[in-house]
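As a plain string of letters, each chain reads:
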Amino acid sequence: MITAETVNYISSLARLHLEGPEAVKLAGDLEAILHYAAKLNALDVASVTPTSHVLNVENVFRDDVPAPGLTPEQAFSFAIESQDNAYKVPRIIE
Amino acid sequence: MSTFETVIGLEVHLQLKTRTKIFCACPNVFGGTPNSHVCPVCLGLPGSLPVLNRQVLFDGMKVGLALGCRINTFVKFDRKNYFYPDLPKGYQITQFDFPIAQQGRIAFISGGKKKHVGITRAHIEEDAGKLVHDAAHQCSLADYNRTGTPLIEIVSEPDMRSAQEAYDYLTALKLTLSYLGVSDCDMEKGSLRCDANVSIRPLGEDRLGTKTELKNLNSFSALKRAVEFEAGRHEGVILGGGQIVQETLLWDEAKGRTVSMRSKENAHDYRYFPEPDLVPFTFDAAVIEDVRRTLPELPAAKQARLMTGHGLNDYDASILVQDPALADFFEACVSAGAEPKKAANWLNGPVMKELNDRGCPLAGLKLTPANLVKLAARVEDGTISNLAGKDVLADIVVSGEDVDCVIAAKGLAQVSDDAMLVSVVDEVLAANIKAVEEIRAGKAGVTGFLVGQAMKKMQGKANPKKINEIIARRLTHG
Amino acid sequence: MNTASLTAHELMDRIKIGGITPARIVDDVLARAQAVNPGTHAFIRFADKITAGEGACPLPIAIKDNICVNGSLTTCASKILEGFRPPYDAEVVARIKAAGGVILGSANMDEFAFGSSCETSVYGPSHNPWDLKRVPGGSSGGSAAAVAAGQAVWALGSDTGGSIRQPAAFCGVVGLKPTYGRVSRYGLIAFGSSLDQIGPITKDVRDGALLLNIIAGFDPKDSTSVNAPVPDYTRALGRDVKGLRIGIPREYFIPGIQPEVLAAVRAAIDVFKAQGAQIVDIALPHTAYAVATYYIVATAEASSNLARFDGVEYGLRAFPAVPRKGKLIDMYEETRAQGFGAEAKRRIMLGTYVLSSGYYDAYYLRAQKVRTLIKQDFEKAFGACDVILSPTTPTTAFRIGEKMNDPVAMYLSDIFTIPANMAGIPAISIPCGFDGAKLPVGLQLMAGPFAEETLLAAAYAYEQAAPWHQARASL
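Residues numbered from 1 in each chain as written. Chains lettered and ligands numbered in written order. Predicted model: local features only at pLDDT ≥ 70, side-chain atom pairs only at ≥ 80, totals over all residues. Heavy atoms only, no water.

This brings us to the overall build of chain B. When you go through chain B residue by residue, the secondary structure sums to 15 helices and 17 strands. Here the C-alpha radius of gyration of chain B, 30 Å, is well above what a compact globule of 478 residues would show, namely 23 Å. Considered along the principal axes of its C-alpha atoms, chain B spans approximately 95 × 55 × 55 Å. Contacts in chain B between residues at least 24 apart in sequence constitute 68% of all its contacts with a sequence separation of at least 6. Surface summary for chain B: the accessible area is close to 20,900 Å², and the carbon and sulfur share equals 53%. If the 56 positive side-chain charges of chain B are averaged to one point and the 59 negative ones to another, these points end up 2 Å apart. (Helix = DSSP H or I, 4+ residues; strand = E, 2+ residues; numbered from the N terminus. Rg over C-alpha atoms; globule rule 2.2 N^0.38 Å. Contact = heavy atoms within 4.5 Å. Areas by Shrake-Rupley, 256 points an atom, 1.4 Å probe, with all protein chains shown as cover. Lys, Arg positive; Asp, Glu negative; His and termini not counted. Charge placed at Lys NZ, Arg CZ, Asp CG, Glu CD.)

Attention now goes to the domain arrangement of chain C. Residue and element names in this part refer to chain C. What the domain assignment reports for chain C is domain 1 (3–239 + 466–470) and domain 2 (288–368). Its C-alpha centre places domain 1 at a distance of 28 Å from the equivalent point of domain 2. If you look at the interface, domain 1 gives 20 residues, while domain 2 gives 20 residues. Of the roughly 1,700 Å² buried between domain 1 and domain 2, counting both surfaces, carbon and sulfur atoms make up 67%. Taken as a group, Ile-80, Phe-114 and Phe-191 account for 40% of the area that domain 1 buries against domain 2, more than any other trio of residues on that side. Counting across the domain 1 and domain 2 interface gives zero salt bridges. Inspection of the region where domain 1 meets domain 2 yields nine residue pairs in polar contact (both at pLDDT 80 or more). For the side of domain 1 that touches domain 2, the residue count by class is nine nonpolar, eight polar and three charged. (Domains from an automatic or database assignment. Buried area = accessible area lost by both parts, 1.4 Å probe. Salt bridge = Lys/Arg side-chain N within 4 Å of Asp/Glu carboxyl O. Polar contact = N/O pair within 3.5 Å; in protein donor to acceptor, adjacent residues only side chain to side chain. Nonpolar A, V, L, I, M, F, W, Y, C, P; charged D, E, K, R; others polar.)

The subject of this paragraph is the interface of chain C and chain B. With 39 residues of chain C at the interface, the matching set in chain B holds 30 residues. Between chain C and chain B lies a buried interface of about 2,700 Å² when both sides are counted; carbon and sulfur atoms form 59% of it. When residues of chain C are sorted by the area they lose upon contact with chain B, Ser223(C), Arg308(C) and Glu313(C) head the list and together hold 23% of the total. Run the count over chain C and chain B and you get one salt bridge. Salt-bridge contacts for Asp277(B) lead to Arg185(C); the nearest nitrogen and oxygen are separated by 3.0 Å. Where chain C touches chain B, the interface holds 15 residue pairs in polar contact (both at pLDDT 80 or more). Within the residue set of the side of chain C that touches chain B, elements represented by two or more residues are α8 (290–305), α9 (327–339), α10 (342–355) and α11 (360–384) of chain C. Tallied by class, residues from the side of chain C that touches chain B come to 20 nonpolar, 11 polar and eight charged.

Scanning the model with the defined rule gives 59 salt bridges over all chains in all. The salt bridge involving Arg225(B) is made with Glu253(B); its shortest N-O contact spans 3.0 Å. Taken together, the residues Arg225(B) in helix α3 (residues 220–239) and Glu253(B) in the loop between β14 (248–252) and β15 (257–260) connect sequence positions 28 residues apart. The class of Glu253(B) is partly exposed, set by a relative accessible area of 37%. A single salt-bridge network, built from bridges that share partners, covers Lys25(A), Asp29(A), Glu343(C), Arg346(C) and Arg347(C). (Buried < 20%, exposed > 50% of the residue type's maximum accessible area, 1.4 Å probe, protein only.)

All names here are of chain B. Pairing in this open sheet of nine strands is mixed, and the strands run β3-β7-β8-β11-β1-β12-β13-β14-β15 from one edge to the other. Whereas interior strands pair on both sides, the edge strands pair on one side only; in this sheet they are β3 (70–71) and β15. Here strand β13 (residues 212–217) runs beside β14; their pairing, made up of three bridges, is parallel. The partner of Leu-214 across the bridge, within β14, is Leu-249. (Pairing = 2+ DSSP bridges.)

Residues and elements named next belong to chain B. Partitioning chain B into domains gives domain 1 (4–287), domain 2 (297–410) and domain 3 (418–477). With centres defined by C-alpha atoms, the gap from domain 1 to domain 2 works out at 37 Å. Facing five residues of domain 1, the contacting portion of domain 2 comprises eight residues. A combined buried area of about 580 Å² lies between domain 1 and domain 2, and 73% of that area is made up of carbon and sulfur atoms. At the junction of domain 1 with domain 2, the criterion picks out zero salt bridges. Where domain 1 touches domain 2, the interface holds one residue pair in polar contact (both at pLDDT 80 or more). With four residues, helix α2 (residues 163–180) is the largest single contributor of residues to the side of domain 1 that touches domain 2.

Attention now moves to the nonpolar core. Leu10(B), Ile154(B) and Leu445(C) are the most contacted members of the largest nonpolar core, which has 307 residues in total. Counting residues in hydrophobic clusters, the runner-up holds 20 residues, among them Val425(B), Leu450(B), Met458(B) and Ile470(B). (Core = buried A, V, L, I, M, F, W, Y, C linked by side-chain atoms within 4.5 Å.)

Right, let's get into the environment of Ala338(B). Residue and element names in this part refer to chain B. With respect to the secondary-structure elements, Ala-338 resides in the loop between α7 (324–335) and α8 (340–358). Ala-338 gets classed as buried once you look at its relative accessible area, which sits at 16%. In this structure the C-alpha to C-alpha distance between Ala-338 and Gln-246, which are 92 residues apart in sequence, comes to 57 Å. Not counting chain neighbours up to four residues away, the residues in contact with Ala-338 comprise Cys-333, Ala-343 and Val-373.

Okay, structure coming up:
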C-alpha cells in the first residue's frame, strides 16, 4: 500500500516537491504499477543470477593519458549562474 | 575512572596521484583555477559516460595488498545516490558489494604494546568537487576540478579503543601508504582524509553502542581531539539518561566540538545499485601476483630487517623507517663501510635536524652516503671535533663538497701537537687556581670547566678528550 | 517523384550520376520539412545553421532531441533542460558529421523518452502523418513521423523498450534497434542505461543498413560499446532466406491483438514461407513478465540518471514562492517539480521506490533476476531458430489522448518490443500492411546478439517480396 507518508518519503529522497492532488494521484499510480509488478512474485528466482549487464563484456579500461577538456568558455556556456570561474548555487549552510 | 570504553573505526580516503582522473582524461592535479580541469564526464553533463582509468585499479590492488587484504578477482562499480552541489551527477560511482580488496590487517605499536586493527575493505570511488562558501554574496561556489579524482576508501574494523590508538593507527596506515608511492598522503592538502565512527559501551559489554560519524578531521591532532570530545559527549548523554542519535557530525576545530550536519539529513538511503555504464572487471591470481611483486618493501618489514640485519634497536629502526628515503640512505651508508649504529645516530640526530631546520626532504640535500660516511670517520678518528662535525655537515648538505676539502678550507682540523696542548693546559691551570684546588679536594665535576677554558683558547680546534687526559696527568703529577 | 519522398540510397545514386546535388537535396527536404511541420510537429526545432555537407553520405537527417549536438539546443523535450546547449557532439553525431550528414533539427519525443505516444513532450505531441489525429508512437515519435512525412531522408532514434520500433510501426517506416553495445551511447542522454540503444529510422531496409554502417562501431568513450568489427551491412541484403529458420513465439500471439494486425503478420509469415524459410514454433515463456521487469529496471536506472537535473549547473532553476526547507533543498525540489512532467515524475518516483531501503530485494533485485530468465528464453530460442517474428505492436496507432490517463495500458503497448531490450538483442520493425483505417502495421523481427546481418537480410527479403514500405502518407 502506497501511503501518503511513503510518497512523502520517496519524493524527498528524489528531491521532487509534490503536493495536493498531484501527490494523491501519484500514490494511486504507483499503487497500480506496483500491483501489476507483483506478478513477478509468482516466479521462483532463488537460484537465478541477476543480470545487470546484458552482454558478457569485461575489463574495459582507459590508459592513464591526459587529454584536453573544456575551455573555460565552453565550461560556462551552459551555466545557469557563475561567479569567479565557479558554478554559483544558493549558500549551503552546514 | 570511566566505566565506559570507546569504540572507534576509521574511514580513510586516499587520493591517488594518477596522471588523469578516474573516469575521464582530465589531468588529476591539485588546485588550479576553478573548473579549469573539467570535461563533460567530470561535469556530469547529460550523455557523458565514464571509462575506468586502468592505473586506478592497479593502485587499488597495491593498497589492498599492502594492507594484507584479499584482492577480489571479480570487481564491479555501483552508484551511491544523493543530492549535493559538489556531486554533479547526483550519484557517486563507488564500489558496494564487490570492492577491490577485503579483510586485511595492520599492526603497529600503541602505548608500548603491539596492536592489530582489521581492515574491513578498501574500495575505489570518485572524489566530489569543492564548495566555497561566499558569505558576502549569500552563495556557494562549486569547483569541479577535484571531481573525479580517484580515491581509495579504507574502512577499518571498529578495533580501536582510545583516541590515541586511532591516532597511532592512522600514523601507521599513512606510513604504509606513503611507501606505495600512489598518493601524496598529505592531510593538509586533503590527499589523505579521515572520518571516524565513534561509539561507547559499558566495559565488558560485547554489543556496540550507537555510533556517530565525525567528518572534517583535517589533521592527526583533530582526529584525537574530536574522538576524545565525542566519546565524552556520548558518556554525558548516556549518563544523563539520554540516547545517542546515529548521525553525521562535523568537527569544529576552532570551537573544539562536534556539530550536527543539517544539510545531510535524510541522506542515508543511498539506493546503491550496479553502475550500468561500467562493465565488471575480472582478473586471475597471476595478475594479482604480478602487482604484488611490484610492491616496495613495506615499513614493518623494513624495520624488522634493519633490526635483525644491522643490529639496530627498535627506536633507531622505527625512526629510520618513517622516511623510506632515510632508511635507504642508511643502508647505503652501511654498504659504504659505516658502522650501523653510528650511521643511524648521524641520520636520526644531526641529519634529521638539518631536514627539520630546512623543512625539506632528504632528496633536497646534496648529501651523499659516501660523504656522510667520511664525515663520521673524521669525527671518529679525532681529525675534527664533534662540534666541528656538525659544522661540516651544515656545509656539505648545501654545497655537496668533499668533507676533507671543507675541513681544510675551514681550518677545522684538531690540533694534535701534544706540546702545544700541554702549554695551553698549563696556562689554564695557572689562571684557575681555585678550580684546581676544588678538583684536588675531590670535586671532579669542575674538570669540565677547565676543559672548556682550554677549548676556548684553542678556538675549538682541539680534541676535548685529549685535553681531559692532559689535565688529569698534570694534576696527578703536578 | 519529389526529392523528399526518395530513400537515402536512391538519393545517393542520383548524386553519383549527377542527377542532383547535395545542396539541392538539403533545400528540397528542408522546404518539405518546414511546410508540413505545423501538421506533424515532428520537429521541435530546426537547426540554427543548415548547410550542405561533403562526404560519403551528405544527406539531411533528423536527430532525436535526446542526442547531444555540439552548441545546439538538446532538451529531451523537457522543460528541465530548457536552454541547454551541450558543448560536445554525441559519438553518433560526430560520425554522421564525418560522413557529411546535415542535421536538420531536433525531432520531437516523449519527455526523456518516457512514453509510447510522443504526448509527454513539453513542446506538445507530434502527429501521425497517416492520420494527424493519431499518435506517431514513441518515444522516437518525431523521428518516425519526420521520415514518414518526408521531412528528413532518415532519422536517429533511441530505443529503451521499443522507442524506435513502435513509432516506426505506427508511421509505416523501418526502425532498427541494434544489439546493445553495437552503437556508442556517448552523448545519448540516458534513460535506462542498460537498455538504451541508438538506431536508424528509415524509409526502407537498405537505408537502415546504410545508416547503421555510419553509426555502428566501438567507441572508447563508452565502456559498454563492444569492440567487434563492423561489417558492411548492405552486403547482407539480397541474401537468400531459403532455409532460414523463423521462430514464431506463441506468447506473442495473444488475445487482445487487433485482428488486422494479426492478419497482416500472419500474411507476412506466408511471404517468408513462400520464399523457402522454415517456420518453427518457439516458446519464450517469460514474455508475460517482461513489461513488469522492464518498468522496474528502467525506472530505477532513470531515477538515478535524472538526478543530475537539479538546477545546479545547467537547465532550469526554480525556487518556491514561499520557502519550505531551506534554500538549497527548496531549489532542488522546486526545480524538479517544475521541470519534469507528470510521466517523468511517475517514473522517478517508481524508480526511487524500487531502489529504496527495504524494497531493493523485493523489486529491483528480483527484476534483474527475471531479466536473466527472459534473456535465457532468447538464448534457448535461438538454438532452434535464426530469427524471431512477431507483431511490433498489438494495435496500430491510437488516438491522441486515448491512453494518457492509464499508465499501465500505455505501458502494455510496448509488450512485444520490451523483451529485445531486456535481452540486448537486435530487432527491427518493417511495414507489413495497413488496417481498415489505412494505418500502417509493423512486423518485428529479432535476432541473436550481433546478428544484425541476419536480421537485415530477412527484413530485406520480406520487403522485396511485399513492398509495403513504398506507400507514402499523403500530407
